[in-house]
Amino acid sequence: MLSGEETVEGRVESHLSVISARKNLNAFLSVFNDEALMSARDVDRKIKNGSAGPLAGMVIAVKDVLCMTGKITTCGSKMLQNFESIYDATVIRKLKEADAVFIGKTNMDEFAMGSSGENSAYGATKHPIDETRVPGGSSSGSCVAVAAGMSTASLGTDTGGSIRQPAGLCGIVGLKPTYGRVSRYGLVAFASSFDQIGPFTNSVRDAAAILQVIAGKDENDSTSADIPVPDYASKMNRSVNGLKIGLPKEYFSDALNPEIRSVLQAKIDALKKAGAKIVEVSLPNSEYTVSTYYILATAEASSNLARYDGARYGYRSPHSTDLQSMYVRSRSEGFGDEVKRRIMLGTYVLSSGYYDAYYRKAQQVRRLIQNDFVNAFKEVDCLLTPISPTSAFKLGEKMDDPLQMYLNDIYTVSANLAGIPGISIPAGTDKNGLPVGVQLLGKQFDEATILKVGDFLETVN
Amino acid sequence: MSVYDTYEAVIGLEVHAQLSTKTKIFCGCSTTFGNAPNSNVCPVCLGMPGVLPVLNKQVVEYAIRLGLATHCAISPTSVFARKNYFYPDLPKGYQISQYEEPICRHGFVDIDLEDGSTKRIGVTRIHMEEDAGKSIHDMDTDTLVDVNRCGTPLLEIVSEPDMRSAKEASQYLHSVWQTVKYLGICDGNMEEGSLRCDANISVRLKGETKLGTKAELKNMNSFRNVERAIEYEIKRQIDLIEEGGTVVQQTLLWNAEKNIAAPMRSKEEAHDYRYFPDPDLVPVVVDNAWIASAQKLIPELPKERRKRFVESFKLPAYDAGVLTQERELAEYFESAAGQLSKKNEENHKTVSNWIMTDVLRVMNDKKIAVADCPITPEHLGAMVNLIADGTISGKIAKEVFDDMLTTKEHPKAIVERKGLLQISDAGAIEKEIDLILAKFPNEMTRYRGGEVKLTGFFVGETMKVMKGKGNPKLINEILKKKLDG
């Protein structure tokens, strides 16, 4: 991972200097200056004596929704402004053991709710190429950290597209593993049956190296899967000959932005040329994905966020006079608008009298959407789709129209509903020079295939 | 006929049994009662951001055992659900419970009625859940929270509304209490809250098939309170209807000091719990092999044991009932009875007598459990053997019993140390009797004149000089021969 005379310490120093030079991007909420340099020196020593772990040289930024002992974990919220975590998330422990160095914690949409990076109590994150634009969200800071050279890699979380969408908008690699592939222990939950942790990197190979370390069954997470983790690096041979790649026709309708379509077409042509078979497939329930997602994810969120009540930790309103007012005021003052909107929506869909019409119905539709993918994967090895309807949009452009903002997730939420892996690969740029990405979706627990295809696509210009 | 007799009550109980697992239901923290506040805690039971629950399998095992003991169907898959509500002693803002898919369903418990018949009470469901913490309200103006109890495993046992009186309800509760204690899954301590009971109560005119409006009664922390509270509530509802009022659905809290049930503030009960399946936990899968292995670990339950005590030990039904009240006591009896030598086998009733009077008295006086009784069942059985063998008399046995209480020695050792061996040497006894008869010529004349009840006097005098060690059977025989001969 290190070239020539490069040291980990040197790499950390250079990342730190970019962090300070590009402070205005607002990518970091906390930076571990001295600590990062100290661990870098430790790793350099290990490299010298040959005892370094597989991620030695990897300098990682962490989305501020993952717990690290003794570190503030704000989740981008005023609610957890000074909240210090008392334990390490499983992914953090595993990365430490593999000799990765942590450089800081990154800005994000509050409690991972948002598609632009603007819903942070600590200000919007900005796009590294055009600071008047959004970098995407919710893992905005983690994405910008890698895109702008503030870290070698970063960790994000993806509940409805929060890794893949910003990676696409910023032109880097973003991987959402299969639900259950990576332990969620220590990931502050937004929607438990959707959340997955994954890496942002500059290359598919780096993403594979990180997944290799963080994947696997964890006794602390009952939903983590006890399914063997293959050696990803050995699968990436830059050959796609004979692979069957599906194009879901619902994702390539006339509504698709023509610029994005032409960028994707170039990649599709390259795959064909290299011997892949391109097949049209159908995901008939695609039109229900966004509404299904927003019903189920908000329902889970309304319950997951109940613990922030001012009683034990986090923000407590100084204006509270009794128990009821402590709850109401702490939550009204501590949460931002989008979080409150989703808590109310989720509370509503779970309420007696509405549960069957919304939550239960959405669960049934989720099953249908999962079946769509099961059927599609009977015919093809992976799917290729757009990531988002447009390239990076202007800051503030969609803040007053939550529905437009939600529709940003139209190509990404299906992977979370179906629990399948997805990866975002840089594919080109639009006429404004803004990045456009391509999404690959794989079968459950088959990250290997999308990594392999993604690795091939990186070689195509 | 009183107006009350024209009504019948319809009662269903929800019983919460705190399981005696070593660790909590979703984390590895200890469940020990009485530790310093907020000491048995970890990030998981504190509900810290980012934590996840991991199910303690022992809880499932216990649920299966109780389900089998109450004749329930065990669900091949069951699902944990979140019950959402805000309270300071509920760190996550929801309680993990089971809702639409509980682990056990459709069982029953048979209770004995006073007229000797039995009545079947349906068990609707049994589900697993976590307990909340404790709020302590009476400290100045602050409310203090102790979360030690958070995550303590509970089984909630929901009955059908099959009970028709407070007595039946308390019989049912007693039966559930006895069952969980026999299974060894709950210590049954109602004062400490290990077993809690809520009641749903409505009344209707006899013959009516429609249910009346029910009220829920909470906070009854003893068998006595359950009976008294339910009686109170039945009367309250009947009086209300007779006065032309209507029963409203509400939750009432029993106040044991004032002997009244007062309604909770309506705000406290206006809950929509928004149950939904907990996405952090996978469905609980129980296969037939698991059920079969749990079945093997179910001990003989009180009902069967009572029957066996009557049949194989020839004990009166009353004795069998008392001895099987608690599993430990029944086992105490069986161990003691097991000590009887072959020729003394018919002395089971003697063992039962000693336990029902003396052992239980000691336990009550000292307020101790069977396990802590200073006299082991082995020693008690050995003592009954000594009586049956004629080695000691029943009277001497009392002395030996008291000695065992303090010294915990084997009864034989006590008899030897104190020289309490019964004298069964006919010659020695005859010598003493001759002396007594010579000492009381008047009494002898009166006896021979027809005052036969003076036998007792002569036996007593003989025993006195023999310091209670004379064999009473021999004394009687020899005396009779001398007096009548």
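Parameters at a glance
- Residues numbered from 1 in each chain as written.
- Chains lettered and ligands numbered in written order.
- Predicted model: local features only at pLDDT ≥ 70, side-chain atom pairs only at ≥ 80, totals over all residues.
- Heavy atoms only, no water.
- Helix = DSSP H or I, 4+ residues; strand = E, 2+ residues; numbered from the N terminus.
- Rg over C-alpha atoms; globule rule 2.2 N^0.38 Å.
- Buried < 20%, exposed > 50% of the residue type's maximum accessible area, 1.4 Å probe, protein only.
- Contact = heavy atoms within 4.5 Å.
- Lys, Arg positive; Asp, Glu negative; His and termini not counted.
- Charge placed at Lys NZ, Arg CZ, Asp CG, Glu CD.
- Phe/Tyr/Trp six-rings, centres within 6.5 Å; stacked < 30°, edge-to-face > 60°.
- Lys NZ or Arg CZ within 6 Å of the ring centre and 35° of its normal.
- Salt bridge = Lys/Arg side-chain N within 4 Å of Asp/Glu carboxyl O.
- Buried area = accessible area lost by both parts, 1.4 Å probe.
- Polar contact = N/O pair within 3.5 Å; in protein donor to acceptor, adjacent residues only side chain to side chain.
- 1 Å grid on protein atoms, 1.4 Å probe; cavity = no way out; pocket = protein on both sides within 12 Å on 5 of 7 lines; lining within 4 Å.
- Points joined across faces, edges and corners; volume = space filled by probe spheres on them.
- Nonpolar A, V, L, I, M, F, W, Y, C, P; charged D, E, K, R; others polar.
- Axes fitted to C-alpha atoms, helices over the stretch in contact; angles between N-to-C directions.
- Parallel < 35°, antiparallel > 145°, perpendicular 65-115°, else oblique.
- Pairing = 2+ DSSP bridges.
- Domains from an automatic or database assignment.
- Expected span 1.5 Å × (residues − 1).
- Bend = angle between axes of the 7 residues up to and from the residue.
- Core = buried A, V, L, I, M, F, W, Y, C linked by side-chain atoms within 4.5 Å.

Draft legend 1. Seen up close, the overall build of chain A. In terms of helices and strands, chain A carries 15 helices and 11 strands. In terms of overall dimensions, chain A is globule-like: its C-alpha atoms have a radius of gyration of 21 Å, near the 23 Å expected for 461 residues. With the C-alpha coordinates of chain A rotated into their principal frame, the extents come out at 70 × 60 × 45 Å. Looking at chain A as a whole, 62% of its 461 residues are labelled buried.

Draft legend 2. Highlighting the overall build of chain B. Counting its secondary structure elements, chain B contains 16 helices and 16 strands. Taken over C-alpha atoms, the radius of gyration comes to 30 Å for chain B, far larger than the 23 Å a tight globule of 485 residues would show. Overall size of chain B, expressed as C-alpha extent along the three principal axes, is 95 × 60 × 50 Å. Expressed as a percentage of its 485 residues, the buried residues of chain B come to 50%. Considering only residue pairs separated by 6 or more positions, chain B has 69% of its internal contacts joining residues 24 or more positions apart. Charged side chains in chain B number 62 positive and 70 negative. The centres of these two groups are separated by 5 Å.

Draft legend 3. Representation of the packing of aromatic side chains. All chains considered together, the criterion is met by 29 aromatic pairs over all chains. Taken together, a centroid distance of 3.9 Å and an interplanar angle of 15° make the contact between A:Tyr294 and A:Tyr406 stacked. Taken together, the positions of A:Tyr294 in helix α9 (residues 289-304) and A:Tyr406 in helix α13 (residues 402-407) put the pair 112 residues apart, joining distant regions of the chain. Taking relative accessible area as the criterion, A:Tyr294 reaches 5% and is therefore assigned buried. Taking relative accessible area as the criterion, A:Tyr406 reaches 9% and is therefore assigned buried. With a centroid separation of 5.1 Å and an interplanar angle of 85°, the aromatic rings of B:Phe313 and B:Phe333 are classed as edge-to-face. On the criterion of sequence distance, the pair formed by B:Phe313 in helix α6 (residues 302-313) and B:Phe333 in helix α8 (residues 327-338) is long-range, its members being 20 residues apart. Stacked on the ring of A:Phe393, the Lys or Arg A:Lys398 has its end atom at 4.3 Å from the ring centre.

Draft legend 4. Up close: the pattern of salt bridges. Residues and elements named next belong to chain A. Per the counting criterion, the structure on display carries 53 salt bridges over all chains. Between Arg-342 and Glu-338 there is a salt bridge whose closest N-O contact spans 2.7 Å. In this pair, Arg-342 and Glu-338 are both assigned in helix α11 (residues 337-350), four residues apart and thus about one turn of the helix distant. For the pair formed by Arg-342 and Glu-338, the shared burial category is buried.

Draft legend 5. Region of the structure containing the interface of chain A and chain B. Chain A puts 38 residues into the contact, and the matching count from chain B is 31 residues. Both sides of the chain A and chain B interface together cover about 2,900 Å² of buried area, and 58% of this is carbon and sulfur. Inspection of the region where chain A meets chain B yields two salt bridges. Where B:Glu100 meets A:Arg360, a salt bridge forms, and the shortest distance between an N and an O atom there is 2.6 Å. Connecting chain A to chain B are 20 residue pairs in polar contact (both at pLDDT 80 or more).

Draft legend 6. A look at the environment of B:Glu8. Mapped onto the elements, B:Glu8 comes out in strand β1 (residues 7-18). Residues B:Glu8 and B:Ser202, 194 residues apart in the sequence, show an inter-C-alpha distance of 8.6 Å.

Draft legend 7. Examining empty space enclosed by the protein more closely. All names here are of chain B. One pass over the full model with this rule turns up four cavities of 30 Å³ or more. Reported here for the largest cavity is a volume of approximately 170 Å³. For the largest cavity, the lining is made up of 21 residues, of which Val-44, Cys-45, Lys-92, Ile-96 and Glu-130 are closest to its centre. Partitioned by chemical class, the residues of the lining of the largest cavity number 14 nonpolar, one polar and six charged.

Draft legend 8. Broad picture of the side chain of B:Ser78. All names here are of chain B. Looking at the element boundaries, Ser-78 is found in strand β3 (residues 77-78). Looking at Ser-78, its side chain comes within polar contact range of the side chain of Gln-98, at 3.0 Å. Beyond its immediate stretch of four places on either side in the chain, Ser-78 contacts Gln-98, Glu-101, Pro-102, Ile-103, Met-128, Pro-283 and Val-284.

Draft legend 9. A look at the packing of α9(A) against α11(A). Residue and element names in this part refer to chain A. Running from N to C, α9 and α11 cross one another at 100°; their axes reach a closest spacing of 7 Å. Classified by the angle between their axes, α9 and α11 sit roughly perpendicular to one another. Residue-level contacts link Tyr-294, Ile-295, Thr-298, Ala-299 and Ser-302 of α9 to Arg-342, Ile-343, Leu-345, Gly-346, Thr-347, Val-349 and Leu-350 of α11. Of the residues assigned to the contact of α9 with α11, the class counts are seven nonpolar, four polar and one charged.

Draft legend 10. Quick look at the sheet that holds strand β11 (residues 195-205) of chain B. Residues and elements named next belong to chain B. Taken in spatial order, the nine strands line up as β2-β6-β7-β10-β1-β11-β12-β13-β14 in an open sheet, and their pairing is mixed. Looking at the sheet topology across the chains shown, the edges are occupied by β2 (73-74) and β14 (260-263). As defined by bridge partners, β1 adjoins strand β10 (residues 153-159) across five bridges and the pair is classed as antiparallel. What sits directly across from His-16, in β10, is Glu-156.

Draft legend 11. Spatial organisation of the pairing of β10(B). All names here are of chain B. Counted residue by residue, β10 has seven buried out of seven residues, so it is predominantly covered. Burial along β10 is two-sided: Pro-153, Leu-155, Ile-157 and Ser-159 facing one way and Leu-154, Glu-156 and Val-158 facing the other are all buried. Bridge count between strand β7 (residues 118-130) and β10: seven bridges; the pairing is antiparallel. Directly across from His-127, in β10, lies its bridge partner Glu-156.

Draft legend 12. Just the domain arrangement of chain B, in detail. We note that the domain assignment places domain 1 (3-295), domain 2 (302-418) and domain 3 (426-484) within chain B. Placing a centre on the C-alpha atoms of domain 1 of chain B and another on those of domain 3 of chain B gives a separation of 66 Å.

Draft legend 13. Just the sheet that holds strand β4 (residues 153-158) of chain A, in detail. Residue and element names in this part refer to chain A. Strand order in the open sheet formed by 11 strands is β1-β3-β2-β4-β6-β5-β10-β11-β9-β7-β8, and the pairing between neighbours is mixed. Here the strands that pair on one side only, and so sit at the sheet edges, are β1 (28-31) and β8 (277-281). For this sheet, the mean angle separating the axes of adjacent strands, direction not counted, is 30°. The pairing of strand β9 (residues 382-386) with strand β11 (residues 435-442) spans five bridges and is classified as antiparallel. Its bridge partner lying in β11, Cys-382 is registered against Gly-442. Here helix α8 (residues 258-273) sits on the sheet in contact with β7 (244-248), β8, β9, β10 (422-429) and β11, set at roughly 155° to β9.

Draft legend 14. Highlighting the layout of surface pockets. Of the pockets and cavities examined, the second largest pocket occupies roughly 1,000 Å³. A:Gln363, A:Arg366, A:Arg367, B:Pro277 and B:Pro279 are the residues nearest the centre of the second largest pocket, which is lined by 35 residues in total. Counting only elements with at least two residues in the lining of the second largest pocket, the list comes to α12 (356-379) and α14 (413-418) of chain A together with β4 (80-84) and β15 (276-277) of chain B. No other element matches the seven residues that α12(A) contributes to the lining of the second largest pocket. Across the lining of the second largest pocket, the residue classes tally to 18 nonpolar, 10 polar and seven charged.

Draft legend 15. Geometry of helix α9 (residues 348-366) of chain B. Residue and element names in this part refer to chain B. An ideal rise of 1.5 Å per residue puts 27 Å on 19 residues; α9 measures up with 26 Å between its terminal C-alpha atoms. If you look at α9, its biggest bend is around 35°, right at Ile-355. The complete set of buried residues in α9 reads His-348, Val-351, Ser-352, Trp-354, Ile-355, Met-356, Asp-358, Val-359, Leu-360, Val-362 and Met-363. Where α9 is buried, its residues meet α6, α7 (317-323), α8, α10 (377-388) and α11 (394-407). Positive phi shows up at Lys-367, right after α9, with a value of about 50°.

Draft legend 16. Structural context of the packing of α8(A) against helix α15 (residues 447-457) of chain A. Residues and elements named next belong to chain A. The contact between α8 and α15 brings their axes to 11 Å, and the two run at 105°. Classed by the angle they form, the pair α8 and α15 counts as roughly perpendicular. Contact with α8, carried on its side by Lys-267, Ala-270 and Leu-271, involves Val-453, Phe-456 and Leu-457 of α15 and no other residues of that element. Of the residues contributing to the contact of α8 with α15, the split by class is five nonpolar, no polar and one charged.

Draft legend 17. Region of interest: the nonpolar core. Ranked by internal contacts, the top residues of the largest apolar core, which has 123 residues, are A:Ile60, A:Leu95, A:Phe111, A:Leu155, A:Phe373 and A:Leu384. Aside from chain neighbours lying at most four places away, what touches A:Leu95 is A:Leu55, A:Ile60, A:Ala100, A:Phe102, A:Leu155, A:Ile210, A:Val213 and A:Ile214.

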